[in-house]
Every structure is written in C-alpha cells, then in structure tokens.
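Residue-level listing of the chains:
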Amino acid sequence: MTPDAWVSSFLQAVGSFFLNPLLYYALAYVVILAAVRIKKERKQFSVKIYDWSIELRMLFLQGVGVGLVLSVFSLLLGIMVPSFFAGVLCIGFIVLSLFFRLPLLTPFYILAASMGIGAIFYYFFQDMMPKFLQTTAWVEFGFTSLLPLLTVLMLAEAFLVGRFGGKDTSPSYKPSSRGSRIGIHTAHRLWILPLFLLAPVGELSASSWWPILPTYVENFGILLIPIPLGYQMTAKGFYPDELAVQYSSRVYGCAILATLGSVVTYFYPKAGLICFGMVGILYIYLTLSLRYKNQKKNAVFAQQTGGIKVLAVLPGTPADAMNIHKGEVIVRVNGEKTETMAELYDVLSRNRVYVKLEVIDRQGEIRHVHRSYYAGDHHELGIIAIEEERKVDNHI
C-alpha cells in the first residue's frame, strides 16, 4: 500500500463527490425551501426575516467540519459500503424528498429507504437494475457495516441539531386552541455531510491493524459521498434552542444504542437486522414523543400583560444591535410602560434619536439596553411581537 495509491484514491473520491447528482439535487431542494419560507414570512410580516442565502450557508458550511472529523473515525474503523452505495443513497433521498417532509431526511430513514430500495431491485428486478446496482457486493454489504455507518451519521445529526438547529428559525403566527394568536418558530435544516468511506474497488489493501472492521475483499478504495441530513421542528411549547437540544440528546441516545448494536453485530452478524430495527424503533419513539410533548405544552410565544413578547428580531436592525432576543419581554420604552406595539410606536415617534428599553429576559432577569439612532440605521426598530392582529403593521 504505497502513498501514491492513497493519493490516487483520494483524488478520485474528491472528483466523484462533485460529480454526484445528489449534491446538486440537495442544492435545488434548499432553494425551494428558502423560497417557500420567504413567501410565508412576507405574507405574515410584509418582510423577510432572513435572506435566502442562509439556507445555502447551512447546507454547505455547517456540515463540512463535522463530516471531515467523522470521516477519520469511519476510515479508521474501515466502514465499507458497496461501490454503488452513492447511487442507491441518491435514489433513497430523492424518493423521501418528494414527500417534502424534512423529518424523513434523517440518517435512519434515508439508510432504511436506500437499503430497502436496493434490496427490492436486487432480489426482484435484477434484470432491470441499472449497471451500478448489478453486483454481488450487495449481498456482502450487511449490517456489520450498516450499523457503524448509522452510528456515525446519528452522531453527526445530534451534533448539528444541538449546535445549529435552534438558530435562525423562521417565526409565524397561528391561532391557539382557544382562538387567540400565538407565535411559533420553525426550523428547516438540510446539511450536506462529506463523508469518506471505503468501497471494494481500488488499489488499497489491509494491514495488520487496519481496518478494524472486516473488509471481505483484498483491495479497496475510498469514496467521498455527500450525505444529506435533514431536520425540521416547529417550536411551540419550547423555545427553538431548547427543543433542538432535547432532540439532540435523544438522538445521542439512539447513537449509543447503535454503537452497542454494532458491537453485537461484529460478533454475531445475523443479529444485525434485529439491532437495526431496535435502533429504529427507539429513534421513532423518542422523536415522535418529543413532537407530541412540544405540541401539548402551552405556547411560550403567547400574549401576556405587562409587556411586549418578542417573537423575532430582524437582522441588521437597531433591536438586533441592542441584542434583543426572541422570547424576551419589553416592559418599558424610554422610561414609559408599554404593552402593545402601538404604544411602543407612539413613544418612539416622540424621540427618534435615542431609545432605551427595559427588558425581561427568558430567565426572568431585568436588563436595560439603549442605543442612539444614526444616519443609515434601519428605519424601524426591528421587532416582531405577539399581539392580536391589527390593521397596522405588527413590526416596527
């Protein structure tokens, strides 16, 4: 196993990554998500909260570092997939994406759908199979590799959701069960995870200590696959960051079970399907129960007396510069009590040079923020609040 073989395999993997149609399909998919989000925000608030490019930054930038770190572990373990795996993954993702439900675009569902589609083609429609599926490697690719791969991807999902899932969420209004207006925040996330894996085609060979998992072949190479990870949650009973952390902790628990399943399958390969099923059942139960709990709890973005509940803050506005955050309550403006946006607007109209706010944060602590208006500042304060629908704008 020469250095030249490693360099050649690495360059081929990088080249195949940029030729993978899944990469560009995911790009088109997030552009559609961004367009739908902006249309909804403009309909409710007459302004978009975030620029459309924020989805693109999430897609490409946030998952790169995570993918490269986890690639080190996947290569050390020697997680091997068939050479056609990238094609099957692409088909599985496209099929699930047609439902336009990001909760289906998570590692468990994508892997289950991809392997299921591949198995159906292999066992029932072999004569109709595309060339990239016409290989006996499908049989050799068992749960000995699938469960470690699921573990790696669940770790990535848990980290990305916990780190980024609660940020830059899209606000909206909806009626409560009692008919009053409440606020919700929806997170639509799609990350691309560049992951290096081994494939049974290439010039590399095993050594005495590597790879750790059995390869079943004498020579193999490296694949660099763009693996999409989706996340969607509508925060009602929790703040968006709290909901993302709870979701993340549950997925970490599933990753621990997948790790145990990987160890069991390493010694008892026939137990792989049972272990994979157990991880799936736990994952479905934990995620669905969290969604149910979130919907049953009282809304955290609800109208209240004694102040103005902040639903969102427009980026680049004076309120953003003063570090006003969603979920906080504005109780005084320039020393005067305010309970509605109309009152807040009235106070500001009397002094457009200086603004001082008394704010109660989410921990119940009172803090004071102030700022002068400068030439070139956003003409509005930049706050979207929770209050009953009025004929006037609900953000100033």
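Residues numbered from 1 in each chain as written. Predicted model: local features only at pLDDT ≥ 70, side-chain atom pairs only at ≥ 80, totals over all residues. Heavy atoms only, no water.

### Structural notes on the overall build of the protein chain
For the protein chain, the count of helices and strands is twelve helices and ten strands. When each of the 396 residues of the protein chain is scored for burial, the buried share is 50%. Once local pairs closer than 6 in sequence are excluded, the contacts in the protein chain between residues at least 24 apart make up 72%. Element-wise, carbon and sulfur atoms account for 62% of the exposed surface of the protein chain, whose accessible area totals about 19100 Å². (Helix = DSSP H or I, 4+ residues; strand = E, 2+ residues; numbered from the N terminus. Buried < 20%, exposed > 50% of the residue type's maximum accessible area, 1.4 Å probe, protein only. Contact = heavy atoms within 4.5 Å. Areas by Shrake-Rupley, 256 points an atom, 1.4 Å probe, with all protein chains shown as cover.)

### Side note on unusual backbone geometry
Although it is not a glycine, S46 adopts a positive phi angle of roughly 65°. Looking at where S46 falls in the secondary structure, it is placed in the loop between α2 (21–45) and α3 (53–60).

### Details of empty space enclosed by the protein
By the definition in use, this model includes three cavities of 30 Å³ or more. Reported here for the second largest cavity is a volume of approximately 60 Å³. As for the second largest cavity, its lining consists of R37, Y50, I54, E55, M58, D168, T169, S170, T186, H188 and R189. Residue assignment for the lining of the second largest cavity shows that the elements contributing at least two residues are α3 and β2 (181–205). Of the residues assigned to the lining of the second largest cavity, the class counts are three nonpolar, four polar and four charged. (1 Å grid on protein atoms, 1.4 Å probe; cavity = no way out; pocket = protein on both sides within 12 Å on 5 of 7 lines; lining within 4 Å. Points joined across faces, edges and corners; volume = space filled by probe spheres on them. Nonpolar A, V, L, I, M, F, W, Y, C, P; charged D, E, K, R; others polar.)

### Quick notes on the side chain of S74
Checked against the element boundaries, S74 lands in helix α4 (residues 64–77). A polar contact of 2.6 Å, which involves the side chain of S74, links it to the backbone oxygen of F196. (Polar contact = N/O pair within 3.5 Å; in protein donor to acceptor, adjacent residues only side chain to side chain.)

### A few points about the pairing of strand β5 (residues 308–313)
Burial of β5 is extensive: six of the six residues sit out of reach of the surface. Taken together, the two bridges between β5 and strand β6 (residues 329–333) define a ladder with antiparallel strand orientation. Among the inter-strand pairings, K309 is bridged to a residue of β6, identified as V329. As paired elements, β5 and strand β10 (residues 383–385) share three bridges and run antiparallel to each other. (Pairing = 2+ DSSP bridges.)

### Points about the packing of aromatic side chains
In this structure the tally under the stated criterion is 14 aromatic pairs. With a centroid separation of 5.1 Å and 65° between ring planes, the pair formed by Y231 and Y247 is classed as edge-to-face. A residue pair is termed long-range when its members are at least 10 positions apart, and Y231 in strand β3 (residues 219–235) and Y247 in helix α9 (residues 240–267) qualify at 16 residues. Using a relative accessible area of 2% as the deciding quantity, one classes Y231 as buried. Given a relative accessible area of 3%, Y247 falls into the buried group. Between Y239 and F301 the ring centres are 5.3 Å apart and the planes differ by 90°, which places this aromatic pair in the edge-to-face class. Here Y239 is found in the loop between β3 and α9, whereas its partner F301 is found in strand β4 (residues 301–302), with 62 residues between them in sequence. Take Y239: its relative accessible area is 11%, and that puts it in the buried class. With a relative accessible area of 0%, F301 lands in the buried category. Taken together, the ring pairs in this structure connect Y25, Y29, F93 and F100 into an aromatic cluster. (Phe/Tyr/Trp six-rings, centres within 6.5 Å; stacked < 30°, edge-to-face > 60°.)

### So, the confidence of the model for the protein chain
Residues of the protein chain with pLDDT of at least 70 account for 86%, and the chain-wide mean is 84. Predicted confidence for residues 132–139 stays below pLDDT 50, and this span has 25 contacts to residues more than four positions away or in other chains. (pLDDT = per-residue confidence, 0-100.)

### Quick word on the nonpolar core
Among soluble globular proteins, nonpolar side chains are generally buried collectively. Formed by 90 residues in total, the largest nonpolar core has its most connected members in L149, M154 and L190. In terms of residues, this core owes the most to one element, helix α8 (residues 143–164), which gives twelve residues. Beyond its immediate chain neighbours, meaning those up to four positions away, M154 contacts P107, F108, V251, C254, A255, V279 and Y283. Core analysis: the next-biggest nonpolar cluster, separate from the first, contains 19 residues, M322, L344, V347 and V359 among them. (Core = buried A, V, L, I, M, F, W, Y, C linked by side-chain atoms within 4.5 Å.)

### Things to note about the packing of α2 against α3
Closest axis-to-axis distance for the α2/α3 pair is 8 Å, and the angle between their directions is 145°. Once α2 is placed against α3, the crossing between them reads as right-handed. Of the residues in α3, those in contact with L23, A26, L27, V30, V31, A34 and R37 of α2 are I54, E55, L56, L59 and F60. Within the contact of α2 with α3, the residues separate by chemical class into ten nonpolar, no polar and two charged. (Axes fitted to C-alpha atoms, helices over the stretch in contact; angles between N-to-C directions. Left-handed = near helix turned anticlockwise from the far one by under 90°.)

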